[in-house]
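Here are the chains, one letter per residue:
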Amino acid sequence: MTEEKNLSTKYNPQEVEAGRYQSWLDEDLFKPSGDKKAKPYSIVIPPPNVTGKLHLGHAWDTTLQDMLIRQKRMQGYDTLWLPGMDHAGIATQAKVEEKLREQGISRYDLGREKFIEQVWDWKEEYATHIREQWAKMGLSLDYNRERFTLDDGLSEAVRKVFVTLYEKGLIYRGEYIINWDPQARTALSDIEVIHKDIEGAFYHMSYELADGSGVVEIATTRPETMLGDTAIAVHPNDERYQALIGKKVILPLVNKEIPIVADEYVDMEFGTGVVKITPAHDPNDFEVGNRHDLPRVNVMNEDGTMNELAGKYEGMDRFEARKAIVEDLKEIGRLIKIDTMVHSVGHSERTGVVVEPRLSTQWFVKMAPLAEKAMQNQETEDAVAFFPPRFNQTFLRWMDNVHDWVISRQLWWGHQIPAWYHKETGEMYVGMEAPADSENWYQDPDVLDTWFSSALWPFSTMGWPDTESEDYQRYFPTSTLVTGYDIIFFWVSRMIFQSLEFTDRRPFENVLIHGLIRDEQGRKMSKSLGNGIDPMEVIEKYGADALRWFLSNGSAPGQDVRFSYEKMDAAWNFINKIWNASRFVLMNIEDMTIDDIDLSGEKTVADRWILTRLNETIAKVTDLFDHFEFGEAGRQLYNFIWDDFCDWYIEMSKETLYGEDETAKQTNRSILVHTLDQILRLLHPIMPFVTEEIWQHLPHKGTSLVVAEYPVIQPEYDDETASKGMEVLKELIRSVRNIRSEVNTPLSKPITLMIKTNDPKTDQFLVENTNYIERFCNPEELTISSEITAPDLAMSAVLTGAEIFLPLAGLINIEEEIQRLEKELVKWTSEVKRVQGKLSNERFVSNAPDDVVEAEREKEKDYLEKQAAVRERIENLKTIN
């Protein structure tokens, strides 16, 4: 099957990509093959939040996944790439509340049910945007299996996990100091808090001893919390304050007595060695309060304003109250001094406001046993393999130091906690469904942290808790997870411990960790810097294939990548090169069909060489993909396509195509078509649109490149002799061109070319391939012999197995030629020194593979010959001079 033979004269990505994605969907090419004999390979997409449009990081992430899935599909695996999205509790609710605020409405005006309807409308709108962007990127997702973290199946999985952990004693409810977001009015986990250095102050105050015997000095960065002080503390071994332990002080502004306690938490070396204890507003003070049975006085409301326990400051914002309290302390003579300082302050990742440590009753997951199981699993055969491996240590360090996970959020959008309280008795019930007499119970109004549901993503999307589900049986555990290093703690670790707890299996075999996309200056892309790049705008200008090529070649695993339009220009130019080469091939194959392709005929050295190089490229690219080294795989493809195929083989093909031998032409056309076909297959996982477009114009079997076979090595085409011969030929042609360039002799001007060969094989090879020498060097007179004597006035170059001389009387300056050769001698002397240094290293010789050591010995021999030839040439010229 083929489409029309000719490609348009210019590569136009918009034209190439228009309608192609829909045609793939119409043909159902992205579904699993259903071949039960095939090995399964599955990826679940890291579900993007339904909070907005996708950014370049998503584009990178999904491009790498699509490359893996497309390659495995072509290799005959039964592939599933499952799409889906995350409800993103706090982030989505914040966006919808912001939208409502613009209309002068709050969620409380609407009530929970109506507000949730608004959020579902938002979700549908942005889910549509995301699908459109996936299509633009060319992602080969199975939309029939698309999931959402709030759909019915996932909701059942969430309830099952919650109830099971609760029954095991791994979920509990307790009063603790948690991170509180006063704008979103919800608890945050530790990793949802971003610490920023900001300018603040250290406020020094004096508390009067209740017996009137003096004062003690304390300092704080948060004077507004002093209204909730229930003690002050000193270290039990601090000799300065031994006499004060057990006494009381009068709390300024509140005028109530609070005790002085001794506790080892106090750092004797810091400040005055006396600290205020506010158990309801500081996690360390909370622990001190527990040890000394201190009351907990919470002086703040959920929105960060002061409450009725704050006395006259009730209703004031926390920071306004701080200013007022400082002024009042100054007025009553209790403010000693204010030191300005820069300190690290927690901010909400979602709303950006300063986080408030706050006493609150929340639901927690007891992490120690879950973390222990995850760490132990990394010592087994079922361990998750991290790429790069160093991230395994990052994972283990975090699991080793993990705190209990606060999972309740004071939101309306999310999985409501499956706990109910009896309206009269206060009894609590936890279960999959509401109690039978539900009218007597009310459900806990809190929802679960978003990461609680996304932690179940690899198995809940496959049908769990129905362990008999066909997808669960076939595709779980999944094969590879691709994600950025910034969410190892948030997501990767949680998927691992939840999967081990509930399926007794790792959730995925491999985790490929990539870095972040930065701007040209290496800065992280952010709204505040205004340096963000919309991938859709890049696609509009350059096409999806160019963006995908850039993203796939950006860096090594785990490393950040810098985006630049210069790199995008280079990506577009590469595709344009492929396009033009393909046009050349198509224009020269006439009405060729798949049955006309025959590689069995007599081949030129160029034919044999390109097939050998094709085998080498297939082997390297396949191996590099298996190790997720996409940047190096791209480099191999680029070099083979641009240098070997386009710049050398196509040019050499013209010698045959423009000749008279029809049999040779047919073989050459077959090799051109075959090599281009294999190139398109190798490239398809990276740049699917343009490869499909070109392939549809070639003679081929099957409907689409999406499901065509991935290239494999064909050993019968390996030809080491042709490879070595072509290297000599290429070296010769390059050297002649370089010499012509040095003496400003254009290729159109015929020259005398003398080639002195050093061995019979080289001599025979060059004689057999004089047609290429004549075509690419344009000699007026060509001599190939081992008996040549170097002319007096000539430019020269040393090759592997030969020397060349270009007698250029009147165009050469002997002094300049000696200087040029002396530079060349320095180069070959340096190469000899380098290779001999390697070979004299016993560790290298004993540890390196035999073929690697042998290759170095071959280089040594070659470099020594070149060094000697150049040295001899210099001596000869000096004699003449």
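Residues numbered from 1 in each chain as written. Predicted model: local features only at pLDDT ≥ 70, side-chain atom pairs only at ≥ 80, totals over all residues. Heavy atoms only, no water.

**What about the packing of aromatic side chains?**
Aromatic ring pairs: the centre-centre distance and the angle between the two ring planes describe each pair. Counted according to the given criterion, the structure contains 44 aromatic pairs. Between Y421 and Y442 the ring centres are 5.4 Å apart and the planes differ by 40°, which places this aromatic pair in the tilted class. Here Y442 lies in strand β20 (residues 441-443) and Y421 lies in strand β18 (residues 419-422), a separation of 21 residues in the sequence. We classify Y442 as partly exposed; its relative accessible area is 42%. A ring pair is formed by W648 and F776, whose centres lie 6.5 Å apart and whose planes are at 55°; its orientation type is tilted. Placement of the pair is W648 in helix α20 (residues 630-657) and F776 in helix α25 (residues 770-777), with a sequence separation of 128 residues. Ring-pair connections join several aromatic residues into one group, and the members of that group are F162, Y166, W363, W405, F452 and F497. One Lys or Arg, R107, reaches over the ring of W412 and ends 4.9 Å from the middle of that ring. (Phe/Tyr/Trp six-rings, centres within 6.5 Å; stacked < 30°, edge-to-face > 60°. Helix = DSSP H or I, 4+ residues; strand = E, 2+ residues; numbered from the N terminus. Buried < 20%, exposed > 50% of the residue type's maximum accessible area, 1.4 Å probe, protein only. Lys NZ or Arg CZ within 6 Å of the ring centre and 35° of its normal.)

**Details of a negative patch on the surface**
On the surface, E113, E117, D121 and E125 cluster together to form a negatively charged patch. Mapped onto the elements of the fold, E117 is located in helix α6 (residues 112-137). For E117, a relative accessible area of 41% translates into the label partly exposed. (Patch = residues over 30% accessible without salt bridge, like charges linked within 9 Å, V, L, I, M, F, W, Y side chains within 5 Å. Areas by Shrake-Rupley, 256 points an atom, 1.4 Å probe, with all protein chains shown as cover. Salt bridge = Lys/Arg side-chain N within 4 Å of Asp/Glu carboxyl O. Lys, Arg positive; Asp, Glu negative; His and termini not counted. Charge placed at Lys NZ, Arg CZ, Asp CG, Glu CD.)

**Digging into the nonpolar core**
Across soluble globular proteins, you tend to see nonpolar side chains buried next to one another. Among the nonpolar cores identified, the biggest contains 138 residues, and F645, L729 and I804 are the most heavily contacted of them. With residues near it in sequence (within four places) discarded, L729 still touches V605, M652, F765, L766, N769, Y772 and I773. Grouped together as the second largest cluster of nonpolar side chains are 58 residues, M399, I417, Y421 and Y472 included. (Core = buried A, V, L, I, M, F, W, Y, C linked by side-chain atoms within 4.5 Å. Contact = heavy atoms within 4.5 Å.)

**Description of the sheet that holds strand β28 (residues 794-799)**
Pairing within the open sheet is mixed, and its four strands lie in the order β27-β26-β29-β28. In this open sheet, the two strands that pair with only one neighbour each are β27 (779-785) and β28. Across the sheet, the mean angle from the axis of one strand to that of its neighbour is 15°, orientation sign disregarded. When strand β26 (residues 751-757) meets β27, the two strands line up parallel, connected through six bridges. What sits directly across from I755, in β27, is I784. In this fold helix α23 (residues 720-742) packs onto β26, β28 and β29 (802-807), with an angle of close to 150° to the strand it touches most, β28. (Pairing = 2+ DSSP bridges. Axes fitted to C-alpha atoms, helices over the stretch in contact; angles between N-to-C directions.)

**Describing the domain arrangement of the protein**
Once the domains are mapped, the protein shows domain 1 (39-158 + 454-542), domain 2 (181-357), domain 3 (408-448), domain 4 (562-702), domain 5 (722-807) and domain 6 (814-879). The straight-line distance from the C-alpha centre of domain 2 to that of domain 3 is 35 Å. For the domain 2 and domain 3 pair, buried surface summed over both sides reaches about 380 Å², with 39% attributable to carbon and sulfur atoms. The largest per-residue losses of area from domain 2 upon contact with domain 3 belong to R185, T186 and A187, which jointly make up 69% of the total buried on that side. One can count one salt bridge joining domain 2 with domain 3. Of the residues that constitute the side of domain 2 that touches domain 3, the class distribution is three nonpolar, two polar and two charged. (Domains from an automatic or database assignment. Buried area = accessible area lost by both parts, 1.4 Å probe. Nonpolar A, V, L, I, M, F, W, Y, C, P; charged D, E, K, R; others polar.)

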